[in-house]
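# Notes for the structure review
Below, each chain spelled out in residue letters.
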Amino acid sequence: MSLTSNRTKHRVKPPRKGLQGDAGGFEQMWPELRDAFGEVHKKCASKLSYEQLYRKGYTLVLKKMGIQLYDGIKESESVWLKAEVLGEIRAVLAAGQFQTSSGRSENEQRIYGEEFLRIMKNTYNDYMTSMSMIADVLMYLDRVFCKDHRCPTVFSMAMGLFRKIVLEESAYPNDPVNVLRHLTDIILFQIQLERSGEIIDKSLIRQCVYMLEGLYVTDQEREEDRLYVNAFEPHFLDTSREFYKSEAERMLFESDAGAYCRIVRKRINEEQDRCRSTLSDLTTEKIVRVVENELIKNQIGNIIASPSGVRHMIDNDLFDELELIYELESRIDKRKGELKKALQKKIVEAGMEVNNAAIAASQASAAPAQAGEGGESSSRAPAEKSGSNQTVAALTWVDDVLKLKDKYDLIWQRSFDQDQDLQTALTRSFSDFINSATFPRGSEYISLFIDENMKKGIKGKSEAEIDQLLDKAITLLRYVLDKDMFERYYKKHLCRRLLMNKSVSNDVEKQMISRMKIELGNSFTVKLEAMFKDMTISEELTSGYKNFIHNMGATDPTRVDLSISVLTSMTWPLESMGGAIENSDSGGRSKCKFPPTIERVRQNFERFYSEKHSGRQLTWLSNMGTADIKAIFPKVQTKEGYKERKHELNVSTYAMVVLLLFNDLPADQRLSFETIHAETNIPKADLVRTLQSLAVSPKTRILVKEPMSRDVKPTDHFCFNEGFKSPFVKVKVGVVMAGNKVENERERRETEQKNEASRGFVIEAAIVRIMKQRKELSHQQLIAEVLSQMAAQFKPEVAMIKKRVESLIEREYLERLDGQDLPAYRYLA
Amino acid sequence: MSEEKQTEYVTLVSCDGFEFKIKRSAAILAGAIKNMLDPNSRFQEGLTGRCEFENINGLVLDKVCEYLYYNEKHKDAKDMPDLDIPPELCLELLMAADYLNEREREKETNSMRRRYDKGRDFLATFWRFR
């Protein structure tokens, strides 16, 4: 800057001495200041000139007499506080003490308290105003002296004096209780009054709290040293804790769970409001925690378990109360442990009830069923009836479970804020009772439910309704742990539906499959899809065969039409289709002897098939086929006259074979059971059933049995019923065991055995897969790996895995590792 | 003068009897004047709106007032023109500033005092500090 070169031209005048003032020394100035401050306390400041006082302070500091000035103020203020302020407060207290001794009513006590608070507030506010004026005057002292000597400013020093001399002084001479404690007690008393519903002067208390907030325990004035936090708050929290503890006990005794929750919520809101309007925001969280602890945390278990608790609320659909419980518990426990526990217990109980009802329903009918089995074929009809009873039980069970599910879903949505944790808990509970050890039929029932709907339920329903239905089925399926068991049943039921054309809509079937694919993965549905594929191929084969015959030119009017289903034996559960009985009879699928006409068809088809696919073996499952036969019955007298009657009989393949035997027979000839058996080679059990449907059931009595009885015995004889009458042209001869019913005990055992066996293979496969990859693995790890791999399909028992490992070791897939602390295995390539 | 109604102008009086009527908003930029005039502290000055300074002469107070206005005008500005301060006044001005606790100048005062103590010519800085 150019001016720097000119600096010598200017002369700086020395400051005149007058600026520092010339008003003499400390001894002269201090009394003037002290007197002036006294005037300030007496609210007579308007006579004083700020400038003059300020200048005195200024001068004293400049003359290095700050320390004397500071100490002087300290002393004079102490004197003022002791004499004037403490005196006034003690006077009020003394009046109060006098009243205490004479026994005060609550109201008197309250008036006294308010009086005390008012005095307290006024003195403090007055003192604060005066001190802030004095501190203003002594600004230069603050700015220079206090800063340099690192001592508290005049104002905070004065506030410290107020605490020391007024608040921490005993309330009465020689009283151990100090003024501060007294003040605290009075405020707490007022708050207690408000809690019991009275109206108090909130702003007055607020003022006193301001005071406590503005004062500090130490002179450093750190945030955590606030008098409010140190002296008042702990007492407040303690008394509140006591109060709510006793209130909790009282309320539990007096009111029901819903009312309790409402009160708790009200209390929490009240305390929050109180902190906002009467006390300090600093306390909000702490007091809310106290209320939560006393009213919720310590009692939530009792509330939930009480007779009017969660159980009662769920039973009566008290959504609002449930929501309250949820809200309260989520305040103290993010995981909502108690509510979860109660819910799970409730669901499992309700679920068990549904289970037991289903078991009871099925057992009520199982008793006659067993009697029927004992009498072999004698009481087939009631056994069947019981079977359908069981089906009803199954459907009821599914319905009930779904209802339960809907109910809890609704509660979850309306009352539980769609809480994730609770949803998992709900799901787990449902899964618990559906898979409970005492109720092994879950998978079967669900499959039956789908079966029933596929056959009848979805008739005449809109797409949306069907969608909903499928969703329900999938929801249930999600809960099932033993998915392989379900697959087995579903396959069996689906097989029946496909072969007997029972499905209402193929589209819906396919939709279901694709849903299962999404839910359970590809591997689950591969076989089911293969079944559909087989059906399509079979249709092509049938039409292909028709052309084939047509081209052969054999247009024989008596030619037998053939509609065929070629099934891949691996994918179709043929054993469970009633083949088991034959197996036990003759140790293998016995071949039924077809009459020549039919035998020709069979041979033709086999030729046709082997032309298309060489090297494939066809096995004829004659027990599963049906046939349409045109039968002509002799002339009998009818209303219209004397004429022949034609009927179309829809019968099973076996029945057709039997009936064809009578074709070549003179009208009055009889055939014995033994002869029929020998001619047809139909397994006995099947033959009994077939004959039963042909000769016993009244509507389709095409054969006449001798002697006439309900049972078919090996000694019976049969002849053609020429007098057969039916109002319909088409007659369907009932096929025994056509529908999908709940299995009886024996079938169930078989299914389970089969399932166990197939699980064995699956587990072995998994073990080999794992070991091939890892080469060596400890026993524990192996078990864990297997369990995790199997989780999607079923939950294997550890004992079973062990057995499989043993078997693999025997067959030298694995070997034990020696010299290890823990048992371990090695894979042998 | 009532305390509710604050006058727009206040009077500053020097020891040699010069009166300066300046805007209250400018005057209270100096901490001591602000306290003096604070309507809450009911000192004489607060009621009358008249402050007498027995240790500041008219010449200096004139410059103080000019400075106060200057300060108010450039309250928020970043690049402001220098305030013309005659060098012969600067020491007295400094002391007046310290006395009146003009916040803006506090820093400069301190830095100048340091330089002065070190026996260096502080004028250059004094000229530059605005």
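Chain B goes by Elongin-C in an unreviewed UniProt entry, where it is assigned to Pseudovirgaria hyperparasitica. In its Function (unreviewed entry) section, the UniProt record describing chain B reads: "Essential component of the SCF (SKP1-CUL1-F-box protein) E3 ubiquitin ligase complexes, which mediate the ubiquitination and subsequent proteasomal degradation of target proteins. Controls sulfur metabolite repression, probably by mediating the inactivation or degradation of the metR transcription factor."

The name recorded for chain A in an unreviewed UniProt entry is Cullin-domain-containing protein, from Pseudovirgaria hyperparasitica.

Each helix and strand counted, chain B has seven helices and three strands in total. Counting from the amino terminus, helix and strand elements in chain B follow one another as β-β-α-α-α-β-α-α-α-α. Taken over 130 residues, chain B has a buried fraction of 52%. Counting contacts in chain B only where the partners sit at least 6 residues apart, residues at least 24 apart contribute 63% of the total. Only carbon and sulfur atoms are counted for the fraction: they give 48% of the accessible area of chain B, which is about 6,700 Å².

Turning our attention to the overall build of chain A. When helices and strands are tallied, chain A shows 30 helices and nine strands. Across the 829 residues in chain A, those meeting the buried criterion constitute 47%. For chain A, contacts bridging at least 24 residues in sequence account for 72% of all contacts bridging at least 6. If you sum the accessible surface of chain A, you get close to 42,500 Å²; carbon and sulfur atoms cover 50% of it.

Residue and element names in this part refer to chain A. Close contact between helix H29 (residues 779-790) and helix H30 (residues 798-810) brings their axes to 11 Å; oriented N to C, the two are set at 115°. Classified by the interaxial angle, the pair formed by H29 and H30 is roughly perpendicular. Pair H29 / H30 crosses with right-handed handedness. Between H29 and H30, the contacting residues are His 779, Leu 782, Ile 783, Val 786 and Leu 787 on the first element and Val 798, Ile 801, Lys 802 and Val 805 on the second. Grouping the amino acids of the contact of H29 with H30 by side-chain chemistry returns seven nonpolar, one polar and one charged.

To continue, consider the sheet that holds strand E2 (residues 19-23) of chain B. Residue and element names in this part refer to chain B. One open sheet holds the three strands; their spatial order is E2-E1-E3, and the pairing between them is mixed. With one partner strand each, in any of the chains shown, E2 and strand E3 (50-52) form the two edges of the open sheet. Between one strand axis and the next, the sheet turns by 25° as a mean value, whatever way the strands run. Bridge analysis of strand E1 (residues 9-13) against E2 gives five bridges, and the strand direction is antiparallel. Bridge pairing in E2 links Leu 12 to Phe 20. The strands touched by helix H4 (residues 58-73) are E1 and E2; relative to E2, the strand with the most contacts, the crossing angle is about 5°.

Let's shift gears to the side chain of Asn 453 of chain A. Inspection of the secondary structure assignment puts Asn 453 of chain A in helix H18 (residues 442-457). Once residues within four sequence positions are removed from consideration, Asn 453 of chain A is found in contact with Ile 458 and Leu 469 of chain A.

Another point: the packing of aromatic side chains. One pass over the structure, following the stated rule, counts 22 aromatic pairs over all chains. Between the aromatic rings of Tyr 326 of chain A and Phe 416 of chain A, the centroid separation amounts to 5.6 Å while the plane-to-plane angle is 40°, which identifies the pairing as tilted. Here the residue Tyr 326 of chain A occupies a position in helix H14 (residues 319-332), and Phe 416 of chain A occupies one in the loop between helix H16 (380-415) and helix H17 (420-434), the gap between them amounting to 90 residues. Exposure remark for Tyr 326 of chain A: the relative accessible area of 9% places this residue in the buried category. Overall, the relative accessible area of 1% leaves Phe 416 of chain A in the buried class. Here the aromatic cluster, defined as three or more aromatic residues joined through ring pairs, consists of Tyr 50, Tyr 54, Tyr 58 and Tyr 140 of chain A together with Phe 43 and Tyr 99 of chain B. The ring of Tyr 490 of chain A carries Arg 497 of chain A above its face, with NZ or CZ at 5.5 Å from the centroid.

What follows is about the confidence of the model for chain A. Residue and element names in this part refer to chain A. Across chain A, the average pLDDT comes to 77, with 87% of residues at 70 or higher. Contacts from residues 16-21, a stretch scored under 50 in pLDDT, to residues over four places away or in other chains number eight contacts. Confidence over residues 578-589 falls short of pLDDT 50; this stretch has 20 contacts with residues more than four positions distant or in other chains.

Residues and elements named next belong to chain A. A rise of 1.5 Å per residue sets the reference length of helix H8 (residues 202-214), with its 13 residues, at 18 Å; its end C-alpha atoms lie 18 Å apart and thus fit the reference within 8%. Every buried residue of H8 is listed here: Leu 204, Ile 205, Arg 206, Cys 208, Val 209, Met 211, Leu 212 and Glu 213. The elements touched by buried residues of H8 are helix H4 (106-137), helix H6 (154-167), helix H7 (179-195), helix H9 (227-254), helix H10 (257-277) and helix H11 (281-297).

Residues and elements named next belong to chain A. Bridge count between strand E3 (residues 671-672) and strand E5 (residues 717-720): two bridges; the pairing is antiparallel. Within E5, the position partnered with Ser 672 by the bridge is His 717. Note that strand E4 (residues 703-706) and E5 share four bridges and pair antiparallel. In the strand pairing of E5, Val 704 is matched with Cys 719.

On to H7 of chain A, then. Residues and elements named next belong to chain A. The first and last C-alpha atoms of H7 sit 24 Å apart over 17 residues, in line with the 24 Å expected at 1.5 Å per residue. Of all 17 residues that make up H7, 13 are buried, and the element is covered over most of its length. Count one or two residues on from H7 and you reach Gly 197, which has phi positive near 100°.

Okay, the sheet that holds E4 of chain A next. Residue and element names in this part refer to chain A. The three strands are arranged E3-E5-E4 in an open sheet whose pairing can be described as antiparallel. The open sheet has two edge strands, E3 and E4, and neither has a second partner. Where helix H27 (residues 684-696) meets the sheet, it contacts E4 and E5, and its direction lies at approximately 105° from that of E4.

All names here are of chain A. Taken as a whole, this structure holds 48 salt bridges over all chains when the rule is applied. Here Asp 126 and Lys 43 are joined by a salt bridge, their closest N and O atoms 3.4 Å apart. A residue pair is termed long-range when its members are at least 10 positions apart, and Asp 126 in helix H4 and Lys 43 in the loop between helix H1 (26-41) and helix H2 (50-62) qualify at 83 residues. Looking at Asp 126, the relative accessible area reads 35%, which means it is partly exposed. You can call Lys 43 exposed: its relative accessible area is 58%. The salt bridge partner of Asp 409 is Lys 405, with a shortest N-O separation of 3.4 Å.

For the rest of this paragraph, the subject is the nonpolar core. Phe 116, Met 120, Phe 162, Trp 397 and Tyr 490 of chain A together with Phe 53 of chain B are the most contacted members of the largest nonpolar core, which has 187 residues in total. A total of 11 residues in this core trace back to one element, the largest contributor, which is H4 of chain A. Phe 162 of chain A has contacts with Leu 81, Val 85, Met 120, Tyr 124, Tyr 127, Leu 167, Met 211 and Leu 215 of chain A, leaving out every residue within four places of it along the chain.

Once that is clear, we can look at unusual backbone geometry. Residue and element names in this part refer to chain A. A positive phi angle, near 60°, is found at Lys 64, a position not held by glycine. Secondary-structure assignment places Lys 64 in the loop between H2 and helix H3 (66-101). Of note, Lys 775 is a non-glycine position whose phi angle comes to about 70°, a positive value.

Take the environment of Leu 469 of chain A next. Residues and elements named next belong to chain A. The topology assignment puts Leu 469 in helix H19 (residues 463-479). According to the relative accessible area criterion, Leu 469 is buried, its value standing at 14%. Note: C-alpha distance between Leu 469 and Asn 453 (16 residues apart in sequence) is 8.4 Å.

A separate point is the environment of Lys 245 of chain A. All names here are of chain A. Along the chain, the position of Lys 245 falls in helix H9. Taking the relative accessible area as the measure of exposure, Lys 245 reaches 42% and is therefore partly exposed. When the C-alpha atoms of Lys 245 and Asn 293 are compared, they prove to be 9.1 Å apart, with 48 residues separating the residues in sequence.

How two helices sit against one another is set out by the angle between their axes and by the gap between those axes. All names here are of chain A. Their axes nearest at 13 Å, the elements helix H20 (residues 483-499) and helix H21 (residues 506-520) cross at an angle of 165°. Between H20 and H21, the interaxial angle falls into the category roughly antiparallel. Our pair here, H20 against H21, has a crossing hand that is left-handed. Contacts between H20 and H21 involve Lys 483, Phe 486, Tyr 490, Leu 494, Arg 497 and Leu 498 on the former and, on the latter, Asn 506, Glu 509, Met 512, Ile 513, Met 516 and Leu 520. The residue inventory of the contact of H20 with H21, partitioned by class, reads eight nonpolar, one polar and three charged.

Further remarks concern the confidence of the model for chain B. For residues with low pLDDT, the predicted coordinates do not support detailed interpretation. Residue and element names in this part refer to chain B. Taken over all residues, the pLDDT of chain B has a mean of 71, while the share at 70 or more is 67%. Per-element confidence in chain B ranges from a low mean pLDDT of 42 for helix H7 (residues 123-128) to a high of 89 for E2. Low confidence marks residues 104-130, where pLDDT is under 50. Its contacts with residues over four positions away, or in another chain, come to 44 contacts.

What counts, and where the lines are drawn
Residues numbered from 1 in each chain as written. Chains lettered and ligands numbered in written order. Predicted model: local features only at pLDDT ≥ 70, side-chain atom pairs only at ≥ 80, totals over all residues. Heavy atoms only, no water. UniProt positions renumbered as here; feature names shortened; annotations may be inferred. Helix = DSSP H or I, 4+ residues; strand = E, 2+ residues; numbered from the N terminus. Buried < 20%, exposed > 50% of the residue type's maximum accessible area, 1.4 Å probe, protein only. Contact = heavy atoms within 4.5 Å. Areas by Shrake-Rupley, 256 points an atom, 1.4 Å probe, with all protein chains shown as cover. Axes fitted to C-alpha atoms, helices over the stretch in contact; angles between N-to-C directions. Parallel < 35°, antiparallel > 145°, perpendicular 65-115°, else oblique. Left-handed = near helix turned anticlockwise from the far one by under 90°. Nonpolar A, V, L, I, M, F, W, Y, C, P; charged D, E, K, R; others polar. Pairing = 2+ DSSP bridges. Phe/Tyr/Trp six-rings, centres within 6.5 Å; stacked < 30°, edge-to-face > 60°. Lys NZ or Arg CZ within 6 Å of the ring centre and 35° of its normal. pLDDT = per-residue confidence, 0-100. Expected span 1.5 Å × (residues − 1). Salt bridge = Lys/Arg side-chain N within 4 Å of Asp/Glu carboxyl O. Core = buried A, V, L, I, M, F, W, Y, C linked by side-chain atoms within 4.5 Å.

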